[in-house]
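# Chain and residue survey
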Amino acid sequence: MPFLSLGLLPTLAQAASALGFTTPTPIQSEAIPAVLTGADVLASAQTGSGKTAAFALPLLQRLQELPAENRHSYGRAIRALIVVPTRELAAQVGDVVRSLAQALPQSPKVVVASGGVSINPQMMALRGGADVLVATPGRLLDLAAQNAVQLATVRLLVLDEADRLLDLGFAEELGKVLTLLPPRRQSLFFSATFPPDVRALAGQMLRDPVNISVASTEIPPADITQRAIRVDTDKRTQLLRHLIKDQGWKRVLVFVATKYAAELVAEKLYKAKIYATAFHGDLSQGARKQVLAEFKDEQWEVVITTDLAARGIDIAKLPVVVNYDLPRSAVDYVHRIGRTGRAGEPGLAISFVTADTEAHFHLIEKRQGLSLPLEEVAGFEPTEVATPIVPQIAADKGGIKGKRPSKKDKLRALAAAQTKPD
Ligand code: AMP
């Protein structure tokens, strides 16, 4: 069994094959032996390339190998902590870890803790500690503040979607989490993207890390066809409706810029007899879970979402992703389109480009080393012209150094101003 040749225990190799993983993916082939040596790892690999098992399998094995002194003697101690940015990802990673862990003779205890639901059952679950805790940063800090969890005994730390966790939005919370961890630990940072500044920061937090970067040429073709369609801002919903019907798409994930837009576009499609619903951060956790489960179950044809769904979420055989609004950055673009074309399946990613977002799209293309033809669809030929960019005059006439919007800022602002759905 090829997983065995990576140094995995036969039980774990069998657990992998029980999930249908017979041959390791490139990131798994590289990361598993590295993690098993006990080294820190900084790994980047394409979205949908099997990263979860790449850290979960060796993590479970390391836990078997490390002395099991702490869990019972410390009451609420955690041995391995996996931090993820979203609740959905917490549930998903928890499921993978649990199914792999079940195969082990003394099945490790795995707890998932994330916000949006009552904290009490999670506190109860953490009684007696856990071998593996999968958590979002905010809920983890709440649990720590209530003494429901002790992190001083963590031997292994995983940051999944590490660049997002090290980014500004999470930096403060993550910083607090890190202060609760012991300095001597094995740390594994995984992500599809590591912008250079984040990579440098991550490098400072790891000890002699093994750097693993599975370049796109080395992985099985994540067969995502990328296309861009030029359309007027107020024709995007009609175009989307037309494409869904004309192309017979049965499952589409559509990204918009705001929660409001998600609701509005979903409603319009629904009225046009397309089974569409919205998925965003204002929904209750129960509703979020239900929408995702029903979408995976093929009960919804279209889910309209914000960047909440851009990362990590694994929807098998999702054939089409549409950027109704363009993402803010090239990194977000990679994560969004990575929802399709998973595990070697073919996928299609279409971006709607308006007169005002065309320049921003070219920036994304440039970052990706892409050059896509801007297509037009018959009946939806655009007539809009770009709004001229009016330079903002800074308070003092010469502008304030460091405060003047760059060309990129202006393009982003313009793209953001465009997000009002038709
Ligand atoms: P991930 O990048 O961990 O979200 O995984 C993406 C998808 O690939 C998931 O649907 C996994 O179940 C699947 N997968 C992971 N590892 C393998 C493997 N070795 N062989 C086949 N499929 C895999």
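Description of the structure in this document. Here the residue index of a chain counts from 1 through its sequence in written order. Thresholds applied to this predicted model are a pLDDT of at least 70 for local features of residues and 80 or more for the giving and counting of side-chain atom pairs; totals over whole chains, interfaces and linings are not thresholded and use all residues. Values shown for side chains rest on all heavy atoms present in the structure; no hydrogens or waters enter the calculation.

### Let's talk about the site of the ligand
What surrounds the ligand is a group of 14 residues, the closest being Gln28, Gly50, Thr52, Asp314 and Arg342. Glutamine 28 places a polar side-chain atom, nitrogen or oxygen, 2.8 Å from a nitrogen atom of the ligand. Counted as a polar contact is a pair of N or O atoms within 3.5 Å, where, for protein atoms, one must be capable of donating a hydrogen and the other of accepting one, and residues adjacent in sequence contribute only when both atoms are in side chains. A distance of 2.6 Å separates an oxygen atom of the ligand from a polar atom in the side chain of threonine 52. Starting from 500 Å² of accessible surface for the ligand in isolation, the protein chains cover 78%. Residues are grouped as follows: Ala, Val, Leu, Ile, Met, Phe, Trp, Tyr, Cys and Pro are nonpolar; Asp, Glu, Lys and Arg are charged; all remaining types, including Gly, are polar. For the shell around the ligand, the per-class residue count stands at four nonpolar, seven polar and three charged. Bear in mind that the domain bounds are from an automatic or database domain assignment. Inspection of the shell around the ligand shows a minimum of three residues originating in each of domain 1 (2-213) and domain 2 (224-375). Think of it this way: one heavy atom of a residue within 4 Å of a molecule or strand is enough to make that residue near it. Note on areas: Shrake-Rupley with a 1.4 Å probe; residue coverage comes only from the protein chains shown.

### Details of the side chain of lysine 51
Its place among the elements puts lysine 51 in helix H3 (residues 51-65). For every residue, the accessible area (1.4 Å probe, protein chains only) is compared with the maximum for its type, and the residue is labelled buried under 20%, exposed over 50%, or partly exposed between those bounds. Neither His nor the chain ends is counted toward charge; the positive residues are Lys and Arg and the negative residues Asp and Glu. Definition used for salt bridges: Asp or Glu carboxyl oxygen within 4 Å of a side-chain nitrogen of Lys or Arg. One buried charged side chain, lysine 51, makes no salt bridge at all; its nearest oppositely charged neighbour is glutamate 161, positioned 5.0 Å away. Engagement of the side chain of lysine 51 in a polar contact is seen with the backbone oxygen of alanine 45, the distance being 3.4 Å. Throughout, a contact is declared for two residues whenever any of their heavy atoms are within 4.5 Å. Beyond its immediate sequence surroundings of up to four residues, lysine 51 is in contact with Ile27, Ala45, Gln46, Phe190, Ser191 and Ala192. Runs of E in the DSSP output that reach at least two residues are strands. Runs of H or I that reach at least four are helices, and both are numbered from the N terminus.

### Remarks on the sheet that holds strand S2 (residues 78-83)
With respect to topology, seven strands assemble into an open sheet ordered S3-S4-S2-S5-S6-S1-S7, the strand pairing being parallel. In the strand order of this sheet, the two ends are held by strand S3 (110-113) and strand S7 (210-214), each with one partner. Across the sheet, the mean angle separating the axes of adjacent strands is 15° when strand polarity is ignored. In short, DSSP must find at least two bridges between two strands for them to pair. Of the strand pairs in this sheet, strand S1 (residues 41-45) and strand S6 (residues 186-191) are connected by four bridges, and their pairing is parallel. Bridging across to S6, serine 44 finds its partner in serine 191. Axes here mean lines fitted to C-alpha atoms, for a helix over just the part in contact, with angles spanning 0 to 180 degrees between N-to-C directions. Strands in contact with helix H5 (residues 87-101) are S2, S3, strand S4 (130-135) and strand S5 (156-160); relative to S3, the strand with the most contacts, it is inclined by about 175°.

### So, unusual backbone geometry
Here aspartate 208, not a glycine, exhibits a phi torsion of approximately 40°, which is positive. With respect to the secondary-structure elements, aspartate 208 resides in the loop between helix H10 (196-205) and S7. Given the relative accessible area of 73%, aspartate 208 is considered exposed. Despite not being glycine, glutamate 298 shows a phi value in the positive range, around 65°. Structurally, glutamate 298 can be placed in the loop between helix H13 (285-296) and strand S11 (302-305).

### Observations regarding the packing of helix H7 (residues 137-145) against helix H9 (residues 168-179)
It is at 9 Å that the axes of H7 and H9 come closest, and there the two elements cross at 40°. Judged by the angle between their axes, H7 and H9 are oblique. At the point where H7 passes H9, the crossing takes the left-handed sense. Contacts from Pro137, Gly138, Leu140 and Leu141 of H7 reach H9 at Phe170, Glu173, Lys176 and Val177. Working definition: roughly parallel below 35 degrees, roughly antiparallel above 145 degrees, roughly perpendicular at 65 to 115 degrees, and oblique for all remaining angles. Handedness of each helix crossing follows the sense of rotation of the near helix against the far helix: counterclockwise by less than a right angle gives left-handed, clockwise gives right-handed.

### Things to note about the packing of aromatic side chains
Between the rings of Phe, Tyr and Trp (Trp by its six-membered ring), a pair exists once the centres lie within 6.5 Å; its type follows the angle of the planes, with under 30 degrees stacked, over 60 edge-to-face, and the other angles tilted. Applying the stated criterion across every chain, the model contains four aromatic pairs. Between tyrosine 324 and phenylalanine 352, the ring centres sit 6.2 Å apart and the planes meet at 45°, which makes this aromatic pair tilted. Here phenylalanine 352 lies in strand S13 (residues 347-353) and tyrosine 324 lies in the loop between strand S12 (320-323) and helix H14 (330-337), a separation of 28 residues in the sequence. Grouping residues by exposure puts tyrosine 324 and phenylalanine 352 together as buried. Above the ring of phenylalanine 295, the side-chain terminus of arginine 251 is found at 5.8 Å from the ring centroid. Remark: a charge is flagged as sitting over a ring if the NZ atom of Lys or the CZ atom of Arg is within 6 Å of the ring centre and within 35 degrees of the ring normal.

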